[in-house]
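# Observations on the three-dimensional arrangement
So you can see what is in the structure, the chains are spelled out below.
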Amino acid sequence: MELTLNKAVTQVELSGIRQFTYLVRDTPGACALTIGEPDLNTPDSIKEAAKAALDDNDTHYPPGNGYPYLLEAVSRYEAEQHGLHYGPSEIIMTVGATEALAAALSTIMNPGDEVIIPTPAFGLYEALVQLREGVPVNLPTEHNHYQIAPEELRAAITPKTKAIILTSPNNPTGCIYTKENLDAIHDILKDKPIFVLCDDVYRSLVYSGEYHSFAEYQDMRDRIIVINSFSKPYAMTGWRLGWCMADGPIMDRIQVYHQYAVTSIPAFVQRACVKALETDVSDVVELFRKRRDYVYRRLVDMGLEVQEPEGAFYMFIDIRKYGMDSNTFCTKMLREGLVGVIPGIHFGTEGYMRLSYCYSDADLKEGLDRIEKFIKTL
Ligand code: PMP
């Protein structure tokens, strides 16, 4: 008897980021600068709201897309904070941005469809596209200050192109797309039957400059899907909560996937979501801005090339001058220098490493001292 499994599931590897993170964790004495989540705890007011909801027995099946009070709160928050106008019926509360991305791609993709992924990019996108028997089409941006070169985007589009995923601020670079770049992308896409997934999970963590999301181009509303998350700004990664917004007809279909995949997010967390949306995160932004400034200065002073990030909490560091692929470099630095960062290849870009600065000042100093010492040995 031969058991066969789904071909796509069999071929896709487990997350390289997670695997390397485990290697760092299991290396005795290693200082980790790997993790992609704030080193803070969820604010008490948010936790209290969930505890009160539990005590009120808010533990039954909630409506599939989310309680109406929460959908209204998200709708108001998006309008007031981001100038995006989506009604409660155009919003679904999801199991993190991860489910929102999975639901969006499941809704729009057929086997063989191509999805353009500007790289470096969060590894989840490639895997999700492959799991839907689609073809990820990488669009490198590292030679262009992590902006999309319009002529290269034009060249990447084929009759099979179904979507492009725009992440701003970006994981792993922390860079944001400029208004000029977004205008150029919009010019190319405005007349094409191509969806734009705006992964805006880091948009509340922007430290400098003017921020624009592609979601502002509402003339393309019928093709835009906005993805957001409670994970990063409110230190709620373990709650697994996010949301997805899209024009009515698409949302109508996204809810089909959502309903059969997860039914709904949990009931009692939804009051906590409202509290989170009311939470001022300016202290968090200030904390990460200080860390960014410190880490950036240290890296530049030790002669490493890195583009100063404008958001999120990562640095994507050029290591090409050391003549090793990123896995070899990062493994060697882990073993010999006892400091862990993630190889760039796990974001689709060779010759770089991603450092996370979601760590205390003392840990950052120690980790950077070790990187400095290690690169002097090369
Ligand atoms: N998008 C990006 C760009 C991310 O970096 C992450 C998490 N690292 C996610 C989506 C998934 O976030 P969530 O915890 O909301 O599923």
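Everything below is about the structure printed above this text.
Anyway, here's the lowdown on the structure attached to this text. Please read all numbers here as calculations on a predicted model, not as lab measurements.

## Considerations on the packing of aromatic side chains
All told, the structure shown has 16 aromatic pairs when counted by the stated rule. An angle of 85° between the planes, with centres 5.8 Å apart, marks the rings of Tyr-202 and Tyr-314 as edge-to-face. Note that Tyr-202 is positioned in the loop between strand E6 (195-199) and strand E7 (224-229) and Tyr-314 in strand E10 (residues 314-318), a separation of 112 residues in sequence. By relative accessible area, Tyr-202 is classed as buried at 3%. A ring pair is formed by Phe-316 and Phe-347, whose centres lie 6.1 Å apart and whose planes are at 85°; its orientation type is edge-to-face. Residue Phe-316 is found in strand E10, and its partner Phe-347 is found in the loop between strand E12 (342-343) and strand E13 (352-356); the two are separated by 31 residues along the sequence. Given the relative accessible area of 2%, Phe-347 is considered buried.

## Focus on the sheet that holds strand E8 (residues 242-246)
Adjacent strands of a sheet pair through backbone hydrogen bonds, lying either parallel or antiparallel. The 7 strands are arranged E2-E8-E7-E6-E5-E3-E4 in an open sheet whose pairing can be described as mixed. Both edges of this open sheet fall to strand E2 (91-94) and strand E4 (135-140), since each of them pairs with a single strand only. Taking the axes of each pair of neighbouring strands and ignoring which way they run, one obtains an average angle of 20° across the sheet. Judged from the 5 bridges that link them, strand E5 (residues 161-167) and E6 form a sheet pairing that is parallel. From the neighbouring strand, Thr-167 faces E6, where its bridge partner is Asp-199. Of the strands in this sheet, E2, E7 and E8 touch helix H4 (residues 68-82), which is tilted by about 105° from E2.

## What to know about helix H8 (residues 179-189)
All of the buried residues along H8 are Asn-181, Leu-182, Ile-185, His-186, Ile-188 and Leu-189. Axial view of H8: buried residues confined to an arc of 160°, hence all on one face. Among the structural elements, helix H7 (150-156), E5 and E6 are those in contact with the buried residues of H8.

## Here we look at the packing of helix H5 (residues 96-108) against helix H6 (residues 124-131)
One can describe the packing of H5 onto H6 by two numbers: an axis separation of 10 Å at closest approach and a directional angle of 35°. The way H5 lies across H6 gives a crossing that is right-handed. Between H5, through Thr-98, Leu-101, Ala-102 and Leu-105, and H6, the contact on the second element is made entirely by Leu-124, Tyr-125, Leu-128 and Val-129. The residue makeup of the contact of H5 with H6, split by class, is 7 nonpolar, 1 polar and no charged.

## Topic: the pairing of E8
With 5 of 5 residues buried, E8 lies mostly within the body of the structure. Every second residue of E8 is oriented toward a common face, with Gly-242, Cys-244 and Ala-246 on one face and Trp-243 and Met-245 on the other, all of them buried. Relative to E8, E7 is paired through 5 bridges, and the arrangement is antiparallel. Residue pairing in the sheet places Ser-229 in a bridge with Gly-242 of E8.

Rules behind the numbers
- Residues numbered from 1 in each chain as written.
- Predicted model: local features only at pLDDT ≥ 70, side-chain atom pairs only at ≥ 80, totals over all residues.
- Heavy atoms only, no water.
- Phe/Tyr/Trp six-rings, centres within 6.5 Å; stacked < 30°, edge-to-face > 60°.
- Helix = DSSP H or I, 4+ residues; strand = E, 2+ residues; numbered from the N terminus.
- Buried < 20%, exposed > 50% of the residue type's maximum accessible area, 1.4 Å probe, protein only.
- Pairing = 2+ DSSP bridges.
- Axes fitted to C-alpha atoms, helices over the stretch in contact; angles between N-to-C directions.
- Contact = heavy atoms within 4.5 Å.
- Arc of directions from axis to C-beta.
- Left-handed = near helix turned anticlockwise from the far one by under 90°.
- Nonpolar A, V, L, I, M, F, W, Y, C, P; charged D, E, K, R; others polar.

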